[in-house]
Amino acid sequence: MKNYSKYMEKIDAMLAEEKGRKKPTASGLLAPSRLPKETKQKNDLDSQIANYISIIRKQKEDLLNENR
Amino acid sequence: MKTADIALRAVPIPGMSLTKEPGNNPWEQPPMFVELPDVVKFYTEELTSDESVTGIIQALSNDISVLDLSNTLMKTGVMKGIHSIDVGMIAIPVIAEIIKTVGDLNNVGYITSTEEYEKATKVDEKMLMELLNESKEAVEEKLDEAPAKGLMARGKK
């Protein structure tokens, strides 16, 4: 895969974007947390790959923290 | 028997693969997995076994790049009839990430891809000559500045 680095840049950007999203803090009946969640879940291949990679990285961090 | 005869027997003859019954090889059969989650699960289990971890560490220590290793593993999977090549190509970033993780967890340095490594370690000849000349000049200057020592040295007036 010659364009691996470019693809990984894209995946990293997707992961950074997901990390940067702020969680809603408001409370009450109309608080964003009470509203129905996005029905359309991202299911394209890039999102799936990003999801797998984020899981692997999270597990790696956990293991590294355990070893320290 | 001539040497040429022996050499001819060692290599396959064009069309030789067509003499066998089709469908006997694993890659000629329908693959075991066709979905990405199944392929990822398969590689996650395979690559985290003790034997595989040892193999990965050895390969990374011998300067085999992560991408080359991922490609080889994926193609072996295709050859064994585990998955099709298209799902394998999609799964390569995940396989590479698993290999990188194994390397990181075992404190083994790795090269991501051979091309990147060559690009990063390539030295421009012009720049190298400039650096050499600069260092040569600096050494010569230092030598000129240093006072002469020894019995025959001329003292300062």
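Bear in mind the structure is a predicted one, so any value in this text is a computation, not a measurement. (Residues numbered from 1 in each chain as written. Chains lettered and ligands numbered in written order. Predicted model: local features only at pLDDT ≥ 70, side-chain atom pairs only at ≥ 80, totals over all residues. Heavy atoms only, no water.)

**With respect to the interface of chain B and chain A**
Of the residues lining the interface, 19 residues belong to chain B; the matching set on chain A comes to 15 residues. Interface area for chain B against chain A, summed over the two sides, is near 1600 Å², with a carbon-plus-sulfur share of 73%. It is Pro-93, Glu-97 and Leu-105 of chain B in chain B that bury the most area against chain A; as a group they hold 32% of the surface buried on that side. Our count for the chain B to chain A interface comes out at 2 salt bridges. Measuring nitrogen to oxygen at the nearest pair gives 2.8 Å for the salt bridge that ties Asp-104 of chain B to Lys-60 of chain A. Inspection of the region where chain B meets chain A yields 3 residue pairs in polar contact (both at pLDDT 80 or more). (Contact = heavy atoms within 4.5 Å. Buried area = accessible area lost by both parts, 1.4 Å probe. Salt bridge = Lys/Arg side-chain N within 4 Å of Asp/Glu carboxyl O. Polar contact = N/O pair within 3.5 Å; in protein donor to acceptor, adjacent residues only side chain to side chain.)

**Re the side chain of Ser-65 of chain B**
Residue and element names in this part refer to chain B. With respect to the helices and strands, the residue Ser-65 is situated in the loop between helix 3 (50-61) and helix 4 (66-79). A residue is classified by how much of its surface remains accessible, and Ser-65, at 3% relative accessible area, is buried. If we skip the residues at most four places from it in the chain, Ser-65 touches Ile-111, Thr-112, Ser-113 and Thr-114. (Helix = DSSP H or I, 4+ residues; strand = E, 2+ residues; numbered from the N terminus. Buried < 20%, exposed > 50% of the residue type's maximum accessible area, 1.4 Å probe, protein only.)

**As for unusual backbone geometry**
Residues and elements named next belong to chain B. You will see that Asp-63, though not glycine, has its phi angle at about 60°, which is positive. In this structure, Asn-107 is a non-glycine residue whose phi angle is positive, near 55°. Secondary-structure assignment places Asn-107 in the loop between helix 5 (85-105) and helix 6 (114-121). Taking the relative accessible area as the measure of exposure, Asn-107 reaches 73% and is therefore exposed.

**Some thoughts on the confidence of the model for chain B**
As a general rule, the predicted coordinates of low-pLDDT regions are not to be interpreted in detail. With 92% of its residues at a pLDDT of 70 or more, chain B has an overall mean of 87. Helix 2 (residues 36-47) of chain B holds the highest mean pLDDT among the elements of chain B, 95, whereas helix 1 (residues 3-10) of chain B holds the lowest, 70. (pLDDT = per-residue confidence, 0-100.)

**Section: the packing of helix 3 of chain B against helix 5 of chain B**
Residue and element names in this part refer to chain B. Where helix 3 contacts helix 5, the two axes come as close as 10 Å, and the packing angle between them is 85°. Relative to helix 5, the element helix 3 is oriented roughly perpendicular. Between helix 3 and helix 5, the residues in contact are Val-53, Ile-56, Ile-57 and Leu-60 and Ile-99, Val-102 and Gly-103, respectively. Of the residues contributing to the contact of helix 3 with helix 5, the split by class is 6 nonpolar, 1 polar and no charged. (Axes fitted to C-alpha atoms, helices over the stretch in contact; angles between N-to-C directions. Parallel < 35°, antiparallel > 145°, perpendicular 65-115°, else oblique. Nonpolar A, V, L, I, M, F, W, Y, C, P; charged D, E, K, R; others polar.)

**Describing the side chain of Thr-101 of chain B**
Position of Thr-101 of chain B among the secondary structure elements: in helix 5. A distance of 2.6 Å separates a polar side-chain atom of Thr-101 of chain B from the backbone oxygen of Glu-97 of chain B. Among all residues touching Thr-101 of chain B, those that are not within four sequence positions of it are Ile-56 and Lys-60 of chain A.

**Quick word on the packing of helix 2 of chain B against helix 5 of chain B**
All names here are of chain B. Between helix 2 and helix 5, the least distance of the axes is 10 Å, while the angle of their chain directions is 30°. It follows from the interaxial angle that helix 2 and helix 5 lie roughly parallel. Helix-helix and strand crossings are classified by hand; for helix 2 and helix 5 the assignment is right-handed. Mapping the contact onto sequence places Leu-36, Val-39, Val-40, Tyr-43, Thr-44 and Leu-47 in helix 2 and Val-87, Ile-90, Ala-91, Val-94, Ile-95, Ile-98, Ile-99 and Val-102 in helix 5. Residue classes in the contact of helix 2 with helix 5 are distributed as 13 nonpolar, 1 polar and no charged. (Left-handed = near helix turned anticlockwise from the far one by under 90°.)

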